[in-house]
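Understanding the architecture of this molecule
Chain residues, written in single-letter form:
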Amino acid sequence: MPTVESVVFDIGETLLDDTREFGSWADWIGVPRHTFSAVLGAVTAAGRNNAETFEYFRPGFDLASERAAREAAGLGEQICEQDLYPDVRPALSALRERGIWVGIAGNQTARAADLLRRLRLPCDAIATSGEWGVAKPDAGFFDRVAGFAPGDRSSILYVGDHPDNDLLPARAAGMRCALIRRGPLGHLFAERVRQHGEADWVIDSLPDLLDVAG
């Protein structure tokens, strides 16, 4: 099996705990947080886009315009140190210390990329679908990952929590993949992923990568 030269991480519920961000959206549209969370879980479990959650509360919801309105109101997207899972900095640092190139690439806005860069994470590069103009699970996203990370595709490991958005398209692109059993989807689909061999590895925390990519 080829050596892992590069590890590229998804963002939401892989590096970032999305609880605060989704809670702020629930507050913005005037829905109890637990209600928003329950509907979001049902939507994602059905394999649909998270953005569809808003349609249940506000038919015709325009995410782009509402995001702009939040920004104008001073309540826009924020990514803070407290949003990082506690194992992020030590795990990324340890991978780099072993000579592994570390990248971050997920389905986020261009603003999210800027906010992540401000955190000065121990990584080599950061990119988002908002910057690239193509989003997962589109094959074009993983073509960009392949051009972004050094090494042959078979030596690139993509880590995420979503089988259909992260694992299957990464594998179809010729990369290796790992599911992190974290967040709603990571827990919901971990057993399916194991049973069907949809990932090269299933991990419970980011430091577990040191055993497979070191």
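Nothing here was measured: the structure is a model prediction, and the numbers come from that model.

Right, let's get into the sheet that holds strand E5 (residues 176-180). Note: strands within a sheet are paired through backbone hydrogen bonds, in either parallel or antiparallel orientation. Pairing is parallel across the open sheet formed by six strands, whose spatial order is E3-E2-E1-E4-E5-E6. Two strands in the sheet have a free side with no partner beyond their single neighbour: strand E3 (125-128) and strand E6 (201-203). Averaged over neighbouring strand pairs, the angle between their axes works out to 25° when direction is ignored. The strands touched by helix H9 (residues 163-172) within the sheet are strand E4 (156-160) and E5, with E5 carrying the most contacts at an inclination of about 170°.

Under the counting rule described, the total for this entry stands at 18 salt bridges. The residue Arg 182 makes a salt bridge to Asp 87 at a minimum N-O spacing of 2.6 Å. You can see Arg 182 sitting in the loop between E5 and helix H10 (183-196) and its partner Asp 87 sitting in the loop between helix H4 (63-72) and helix H5 (88-97), a full 95 residues away along the chain. Residue Arg 182 shares its accessibility class with Asp 87, and that shared class is buried. With a shortest N-O distance of 2.6 Å, Asp 166 and Lys 136 are connected by a salt bridge. Here Asp 166, found in helix H9, pairs with Lys 136, found in the loop between helix H7 (129-132) and helix H8 (139-148); they are 30 residues apart in sequence, far enough to count as distant. The same class applies to Asp 166 as to Lys 136, namely buried. A cluster of three or more residues bridged by salt bridges with shared partners is formed by Asp 10, Lys 136 and Asp 166.

Let us look at the packing of H9 against H10. The geometry of H9 relative to H10 is characterised by a closest axis approach of 12 Å and an angle of 25° between their N-to-C directions. Here H10 runs roughly parallel to H9, going by the angle between their axes. Crossing hand, H9 versus H10: right-handed. Counting all contacts with H9, which are made through Pro 163, Asp 164, Leu 167 and Leu 168, the residues of H10 involved are Phe 189, Arg 192 and Val 193. Here the residues of the contact of H9 with H10 sort into five nonpolar, no polar and two charged.

Turning next to the side chain of Asp 18. With respect to the helices, strands and loops of the structure, Asp 18 is situated in the loop between strand E1 (6-9) and helix H1 (19-29). Buried charge without a partner: Asp 18 forms no salt bridge, and the closest opposite charge is Arg 20, 8.7 Å away.

In this section: the packing of aromatic side chains. Applying the stated criterion to the full structure yields eleven aromatic pairs. Seen from their ring centres, Trp 25 and Phe 61 are 6.3 Å apart, and the 75° between their planes marks the pair as edge-to-face. Here the residue Trp 25 occupies a position in helix H1, and Phe 61 occupies one in the loop between helix H3 (53-57) and H4, the gap between them amounting to 36 residues. Just as Trp 25 is buried, Phe 61 falls in that class too.

Here we take up the pairing of E5. Burial of E5 is extensive: five of the five residues sit out of reach of the surface. Side chains Arg 176, Ala 178 and Ile 180 of E5 all project onto a buried face; the interleaved residues Cys 177 and Leu 179 project onto the opposite face, where all are buried too. Of the pairings in the sheet, the one linking E4 to E5 comprises four bridges and is parallel in character. Considered in E5, the bridge of Leu 157 is made with Arg 176. Each parallel crossover has a hand, and for E4 linked through H9 to E5 it is right-handed. Sheet topology places E5 next to E6; three bridges connect them, and they run parallel. By the bridge assignment, Ile 180 is partnered in E6 with Ile 203. The β-α-β motif built from E5, the intervening H10 and the parallel element E6 has right-handed crossover chirality.

So, how was this worked out
Residues numbered from 1 in each chain as written. Predicted model: local features only at pLDDT ≥ 70, side-chain atom pairs only at ≥ 80, totals over all residues. Heavy atoms only, no water. Pairing = 2+ DSSP bridges. Helix = DSSP H or I, 4+ residues; strand = E, 2+ residues; numbered from the N terminus. Axes fitted to C-alpha atoms, helices over the stretch in contact; angles between N-to-C directions. Contact = heavy atoms within 4.5 Å. Salt bridge = Lys/Arg side-chain N within 4 Å of Asp/Glu carboxyl O. Buried < 20%, exposed > 50% of the residue type's maximum accessible area, 1.4 Å probe, protein only. Parallel < 35°, antiparallel > 145°, perpendicular 65-115°, else oblique. Left-handed = near helix turned anticlockwise from the far one by under 90°. Nonpolar A, V, L, I, M, F, W, Y, C, P; charged D, E, K, R; others polar. Lys, Arg positive; Asp, Glu negative; His and termini not counted. Phe/Tyr/Trp six-rings, centres within 6.5 Å; stacked < 30°, edge-to-face > 60°. Right-handed = clockwise from strand over helix to strand, strands pointing away.

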